[in-house]
Amino acid sequence: MFSIGEFSKICQVTIKTLYYYDRIDLLKPIYIEPQNGYRYYSQEQMQNMLLIQRLKRYEFSLEEIKSFLDCTDQRELFLKLQKQREKMKQKKEEMETIISEMTEHLHDFERTGDLMAYQKGYDIKVKETPARNVLACRKMMGVDEFGKYYSTLYERVPREQVTPNGLVGAVYYDTEFHHECSDIELVVGVREKEKADKQINAGLCAVTVHKGPYSSLPEAYGALTSWIADNNYEWNGAPYEFYIKSQFDSLSPEEWETEIYFPVKSK
């Protein structure tokens, strides 16, 4: 057996952390001396401690690690690791996109001397937009659930014998945005008016195109909102967006294009 100090030194984990792991039933001492409360750990527990540290590097939560250690199904353990690897790969891709965005921001800042120059590059126009025939799925949903609900729309295409026209988008109905749960309607444009769920109404809209990843879409929304206020217009309905170029065109996030529409009317 190893004393808590020896165990701490060998595994390079603080004694305070070992006490905490004991309290949450993640890793308890194999023996506590009744007379003086000294704590001891076994060789097997050292292996568990080293596994815990590795799983933390893989960004598992302590609760997930506890479940991991309690699991004896080797297949399930493999799938847990595999799923976490995919999450980390996605996170890495997102970080690479952010670094690219930051590099562009630095270039703009160096060129213009304006920290917020990137917000002023949107070409905004007011134009009459046509009615759009769409299949629609409106729910309280999170942004991360878009894929699931788009799948349900595309499953209807062959079943209902409709012809997609290439438009894919979303309408935002909430007065405030919540990433995890908002009133959002996903739409897929179709040619057949009689088979569509609804029409996005024709009307006057302030329109711009956002070029770049979806994470920076709020900058386009902010630019549109400011432009509307500065040019004597006001909102006249829920804003919506169409994904003109995306990952499904085998493009990098920097090359994605999103058209954003704000229905407006003159004040």
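Everything below is about the structure shown above.
This section reports on the structure supplied with the text. (Residues numbered from 1 in each chain as written. Predicted model: local features only at pLDDT ≥ 70, side-chain atom pairs only at ≥ 80, totals over all residues. Heavy atoms only, no water.)

Re the pattern of salt bridges
Alright, step 1. Summed over all chains, the structure comprises 17 salt bridges.
Alright, step 2. Between Arg85 and Glu86 there is a salt bridge, with its nearest N and O atoms 3.5 Å apart.
Alright, step 3. Note on Arg85: relative accessible area 47%, which makes it partly exposed.
Alright, step 4. With relative accessibility at 38%, the residue Glu86 sits in the partly exposed group.
Alright, step 5. Residues joined in a network through salt bridges with shared partners are Asp22, Asp25, Lys28 and Arg39. (Salt bridge = Lys/Arg side-chain N within 4 Å of Asp/Glu carboxyl O. Buried < 20%, exposed > 50% of the residue type's maximum accessible area, 1.4 Å probe, protein only.)

Observations regarding the packing of aromatic side chains
Any two aromatic rings considered together are summarised by their centre-to-centre distance and by the angle between their planes.
Alright, step 1. For the coordinates displayed, the defined rule picks out 14 aromatic pairs.
Alright, step 2. Pairing Trp227 with Tyr233 gives two aromatic rings, centres 5.9 Å apart and planes at 15°, and the pair type is stacked.
Alright, step 3. On the accessibility criterion, Tyr233 (19% relative accessible area) is buried.
Alright, step 4. Centroid distance Trp235 to Phe262: 4.9 Å. Interplanar angle 80°. Geometry classified as edge-to-face. With Trp235 in strand 10 (residues 233-235) and Phe262 in strand 12 (residues 257-266), the pair connects residues that are 27 residues apart, well separated along the chain.
Alright, step 5. Members of the aromatic cluster, connected to one another through ring pairs, are Tyr172, Tyr221, Trp235 and Phe262. (Phe/Tyr/Trp six-rings, centres within 6.5 Å; stacked < 30°, edge-to-face > 60°. Helix = DSSP H or I, 4+ residues; strand = E, 2+ residues; numbered from the N terminus.)

Remarks on a negative patch on the surface
Alright, step 1. There is a patch of like negative charges on the surface, built from Glu93, Glu94, Glu96, Asp144 and Glu180.
Alright, step 2. The topology assignment puts Glu93 in helix 5 (residues 74-112). (Patch = residues over 30% accessible without salt bridge, like charges linked within 9 Å, V, L, I, M, F, W, Y side chains within 5 Å. Areas by Shrake-Rupley, 256 points an atom, 1.4 Å probe, with all protein chains shown as cover. Lys, Arg positive; Asp, Glu negative; His and termini not counted. Charge placed at Lys NZ, Arg CZ, Asp CG, Glu CD.)

Remarks on the environment of Thr258
Alright, step 1. Structurally, Thr258 is set in strand 12.
Alright, step 2. Look at Thr258 and you get buried, because its relative accessible area is 0%.
Alright, step 3. Taking the C-alpha atoms as reference points, Thr258 and Ile244, 14 residues apart in sequence, are found 5.5 Å from one another.
Alright, step 4. The contact partners of Thr258, leaving out residues within four places of it in the chain, are Thr208, Val209, His210, Tyr214, Leu217, Glu241, Phe242 and Tyr243. (Contact = heavy atoms within 4.5 Å.)

Concerning the sheet that holds strand 3 (residues 39-41)
Alright, step 1. Strand order in the open sheet formed by 3 strands is 1-3-2, and the pairing between neighbours is antiparallel. Since the sheet does not close on itself, it has two edges, and those belong to strand 1 (2-3) and strand 2 (31-32), each with one partner.
Alright, step 2. Pairing geometry for strand 1 and strand 3, over 2 bridges, is antiparallel. The partner of Phe2 across the bridge, within strand 3, is Tyr41. (Pairing = 2+ DSSP bridges.)

Observations regarding helix 6 (residues 146-160)
Alright, step 1. The end-to-end C-alpha distance of helix 6, which contains 15 residues, comes to 21 Å, matching closely the 21 Å that a straight helix rising 1.5 Å per residue would cover.
Alright, step 2. Residues Phe146, Tyr149, Tyr150, Leu153, Arg156 and Val157 constitute the buried set of helix 6. Looking straight down helix 6, one finds its buried side chains confined to an arc of 120°; they lie on one side. Opposite its buried face, helix 6 presents the exposed residues Pro158 and Arg159, each directed more than 90 degrees away.
Alright, step 3. Check the buried side of helix 6 and you find it contacts strand 5 (132-141), strand 6 (164-172), strand 7 (182-190) and strand 11 (240-245).
Alright, step 4. Gln161 occupies a position one or two residues after helix 6 and carries a positive phi of about 55°. (Expected span 1.5 Å × (residues − 1). Arc of directions from axis to C-beta.)

Here's the deal with a nonpolar patch on the surface
Alright, step 1. A grouping of Met1, Ile30 and Tyr31 is seen on the molecular surface, where their side chains present a nonpolar patch of about 330 Å² in accessible area.
Alright, step 2. On the secondary structure map, Tyr31 appears in strand 2.
Alright, step 3. Relative accessible area serves as the criterion here: at 33%, Tyr31 is assigned to the partly exposed category.

Examining the pairing of strand 5
Regular strands show a simple pattern: their side chains alternate between the two faces of the sheet.
Alright, step 1. Along strand 5, 7 of the 10 residues are buried, which leaves the element largely enclosed by surrounding structure.
Alright, step 2. When strand 5 meets strand 8 (residues 198-200), the two strands line up antiparallel, connected through 3 bridges. What sits directly across from Asn133, in strand 8, is Gln199.
Alright, step 3. Alignment of strand 5 against strand 7, held across 8 bridges, turns out to be antiparallel. Within the sheet, the bridge partner assigned to Lys139 lies in strand 7 and is Ile184.

Read these as layout, nothing more, since geometry by itself doesn't imply function.
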